[in-house]
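Analysis of the macromolecular model
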Amino acid sequence: MEQTKPFCISKKQVWAAYLKVKANKGTAGIDDETIEEFEENLKDNLYKIWNRMSSGSYFPPPVKRVEIPKEDGRMRPLGIPTVADRIAQMVVKEQLELGLEKHFHPDSFGYRPGKSALDAVGRTRERCWKNDWVLDIDIKGFFDNISHELMMKAVRIHTEEKWILLYIERWLKAPVVMSDGTQVFPEKGTPQGGVISPLLANLFLHYGFDKWMQRNYPKIPFERYADDAVCHCQSQGQAEKLKETLGHRMHEIGLELHPDKTKIVYCKDDDRRENSPCTSFDFLGYTFRARRSRNWKGQHFINFTPAISNKASKKIRQTVRRWGLQNRSDKSLEDLSKIFNPVIRGWINYYGRYYKSSLYPSLIQLERHLIWWATRKYKRLRGHKRRAAKWLRRIARKEPQLFAHWNLLYGQAKQ
């Protein structure tokens, strides 16, 4: 019986956690077991997780360290847990999140139910119109430098469940297997890539940043998404003072503001014309800067507003090149749509929300690859890119839903 176990964790909780992990997909951990392989013996595997967690004998396996390239050319370290460990983490995350959510700040947007990165971008846009200055904050190596002591102190404020405290502490201390096979036992940090890490990161900065801002700078609004944040100031002096005191605050909790990426930005537009060395910033894949816009009367003006960043545009173009559409002549146009249209739609839904026309160059490049595919697919179009372009345009006007970008390039969509 489940009630005989020291910790009250139901099998239903483990099953619900498994379904969420499966939906999130993800790669194999240190044991190289995929979700499909885990499912080959699903009942027994889930029983083992439940039995060990509810008896207190669950110990997380080592985390696999992998590195992915960042936009600036450096590498971002990720910690990949095993499938079983991701399920165990999800059990704890779901239980802990129930009590935490109501405490979080309304302007904390990252990894929270009912909130999104686009919500943060929209709020930032509105506040940049009302405030002349922005402090663009970047915390150096945030996930790798979280204090375990302060992290557990924050968790204890919100739960007395012994099994939650036990397993979170074990995950914080779980060994990390590096690419050369060596094991490292971390004294600080939580692996970026773990299921529970985003929730723990939010909780840490809830006390480390959000509550601190409320106490010390209640009149300075901000938006935070995980460890990326922007604060809206009324003057350059206010922004400089905030930057200085925030630097001290980060030092108090074992963190550091990135000296190059943390900057003070002037929101320059038609009504704000002071000279400043920095008049733009990036936030969540968007670049905020002065842009030529048009009001409801059709009149043009210069507006401080977001549009897809150069980094995000470059990433889209690189992804399209990796697809190698021109080499998939064995596929039909419908096949290509089924494979790639969900990704294209995602780009448009996210980066097309604000100043949509900035997304067009990347979509035009995508269309060029489809044209190239058509010239290889059909003999009558071989060597005739212009003819292939007209052929695709005709299909796009008949079936604009086949590819998400067709309605923007060939339809009546307006910015």
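Scroll up to find the structure this text is about.
Residues numbered from 1 in each chain as written. Predicted model: local features only at pLDDT ≥ 70, side-chain atom pairs only at ≥ 80, totals over all residues. Heavy atoms only, no water.

Glancing now at the overall build of the protein chain. When you go through the protein chain residue by residue, the secondary structure sums to 14 helices and 11 strands. For the protein chain, the C-alpha atoms occupy an extent of roughly 70 × 60 × 40 Å along the three principal directions. In the protein chain, buried positions account for 48% of the 415 residues. Taken as a whole, the protein chain presents about 21,900 Å² of accessible surface, with 49% of it coming from carbon and sulfur. (Helix = DSSP H or I, 4+ residues; strand = E, 2+ residues; numbered from the N terminus. Buried < 20%, exposed > 50% of the residue type's maximum accessible area, 1.4 Å probe, protein only. Areas by Shrake-Rupley, 256 points an atom, 1.4 Å probe, with all protein chains shown as cover.)

Time to look at the packing of aromatic side chains. Where two aromatic rings form a pair, the distance of their centres and the angle of their planes describe that pair. A complete count under the given rule lists 21 aromatic pairs for this structure. Among the aromatic residues, ring-to-ring pairing joins Tyr286, Tyr350, Tyr351 and Tyr354 into one connected group. Residue placement shows arginine 170 over the ring face of phenylalanine 59; its charged tip is 3.7 Å from the ring centre. Over the face of the ring belonging to tyrosine 355 we find arginine 291, whose NZ or CZ atom lies 5.5 Å from the ring centre. (Phe/Tyr/Trp six-rings, centres within 6.5 Å; stacked < 30°, edge-to-face > 60°. Lys NZ or Arg CZ within 6 Å of the ring centre and 35° of its normal.)

Think of an α-helix as turning once every 3.6 residues; residues three or four places apart then point the same way. Of all the bends in helix α11 (residues 333-351), the largest measures some 50° and sits at phenylalanine 340, one to four residues before the proline proline 342. Within α11, the full set of buried residues consists of Leu333, Leu336, Ser337, Phe340, Asn341, Ile344, Trp347, Ile348, Tyr350 and Tyr351. (Bend = angle between axes of the 7 residues up to and from the residue.)

Counting 67 residues, the largest nonpolar core has Met53, Ile87 and Ile168 as its most contacted members. Those residues in contact with isoleucine 168, other than ones at most four positions away along the chain, are Val92, Leu96, Met152, Val155, Ile196 and Leu200. Formed by 54 residues, the second largest nonpolar core is a distinct cluster that contains Cys128, Val230, Ile308 and Leu366. (Core = buried A, V, L, I, M, F, W, Y, C linked by side-chain atoms within 4.5 Å. Contact = heavy atoms within 4.5 Å.)

The next thing to look at is empty space enclosed by the protein. Inspection of the entire model under this criterion finds two cavities of 30 Å³ or more. Its volume calculated, the largest cavity comes out at about 80 Å³. What lines the largest cavity is simply Val63, Pro81, Asp85, Gln89, Trp171, Leu172, Thr190, Pro191, Gly194, Ile196, Ser197 and Leu200. Of all elements in the fold, only α4 (83-100), α7 (162-173) and α8 (197-216) reach the threshold of two or more residues within the lining of the largest cavity. In this model, the second largest cavity occupies a volume close to 50 Å³. Residue lining of the second largest cavity: Ile137, Ile139, Leu205, Phe209, Arg224, Asp227, Ala229, Leu246, Met250 and Leu257, and that is the complete set. Mapped onto the lining of the second largest cavity, the elements with two or more residues apiece are α8 and α9 (236-252). A breakdown of the residues in the lining of the second largest cavity according to their chemical character gives eight nonpolar, no polar and two charged. (1 Å grid on protein atoms, 1.4 Å probe; cavity = no way out; pocket = protein on both sides within 12 Å on 5 of 7 lines; lining within 4 Å. Points joined across faces, edges and corners; volume = space filled by probe spheres on them. Nonpolar A, V, L, I, M, F, W, Y, C, P; charged D, E, K, R; others polar.)

Our next topic: the pattern of salt bridges. Under the defined criterion, the tally for this structure stands at 14 salt bridges. Its salt-bridge partner being arginine 127, residue glutamate 223 comes within 2.7 Å of it at the nearest N-O pair. Of this pair, glutamate 223 sits in strand β6 (residues 222-225) while arginine 127 sits in helix α5 (residues 117-130), and the two are 96 residues apart along the sequence. For glutamate 223, a relative accessible area of 0% corresponds to the buried category. (Salt bridge = Lys/Arg side-chain N within 4 Å of Asp/Glu carboxyl O.)

Bringing the packing of helix α1 (residues 11-24) against helix α3 (residues 42-55) into the picture now. Running from N to C, α1 and α3 point in directions that differ by 120°, and their axes come no closer than 10 Å. What the angle tells us is that α1 and α3 run oblique. Like other packed secondary-structure pairs, α1 and α3 cross with a definite hand, here right-handed. Judged by residue contacts, Lys11, Val14, Trp15 and Tyr18 of α1 engage Leu42, Leu46, Tyr47, Ile49 and Trp50 from α3. For the contact of α1 with α3, the per-class residue count stands at eight nonpolar, no polar and one charged. (Axes fitted to C-alpha atoms, helices over the stretch in contact; angles between N-to-C directions. Parallel < 35°, antiparallel > 145°, perpendicular 65-115°, else oblique. Left-handed = near helix turned anticlockwise from the far one by under 90°.)

We now examine the sheet that holds strand β8 (residues 263-266). Taken in spatial order, the four strands make up an open sheet running β6-β7-β3-β8, and their pairing is antiparallel. Both edges of this open sheet fall to β6 and β8, since each of them pairs with a single strand only. Averaged over neighbouring strand pairs, the angle between their axes works out to 20° when direction is ignored. Seen against the sheet, α5 touches β3 (133-138), β6 and β7 (228-233) and runs at an angle of roughly 160° to β6. In the packing of α8 onto the sheet, the strands contacted are β3, β6 and β7, and the crossing angle to β6 comes to about 170°. (Pairing = 2+ DSSP bridges.)

For the rest of this paragraph, the subject is the layout of surface pockets. Estimated volume of the second largest pocket: approximately 440 Å³. In terms of lining residues, the second largest pocket is bounded by 20 residues, among which Asn24, Arg86, Gly193, Gly194 and Val195 are the most central. Where the lining of the second largest pocket is concerned, the elements lending two or more residues are α1, β2 (75-80), α4 and α8. In terms of residue count, the dominant contributor to the lining of the second largest pocket is α4 (five residues). Looking at side-chain class alone, the lining of the second largest pocket contains nine nonpolar, five polar and six charged residues.

On the surface, Asp31, Asp32, Glu36, Glu37 and Glu40 cluster together into a patch of negative charge. One can find aspartate 32 in the loop between α1 and α2 (35-39). (Patch = residues over 30% accessible without salt bridge, like charges linked within 9 Å, V, L, I, M, F, W, Y side chains within 5 Å. Lys, Arg positive; Asp, Glu negative; His and termini not counted. Charge placed at Lys NZ, Arg CZ, Asp CG, Glu CD.)

Position of arginine 397 relative to the elements: it lies in helix α13 (residues 385-398). Expressed as a C-alpha distance, the spacing of arginine 397 and aspartate 335, which sit 62 residues apart in the sequence, is 19 Å.

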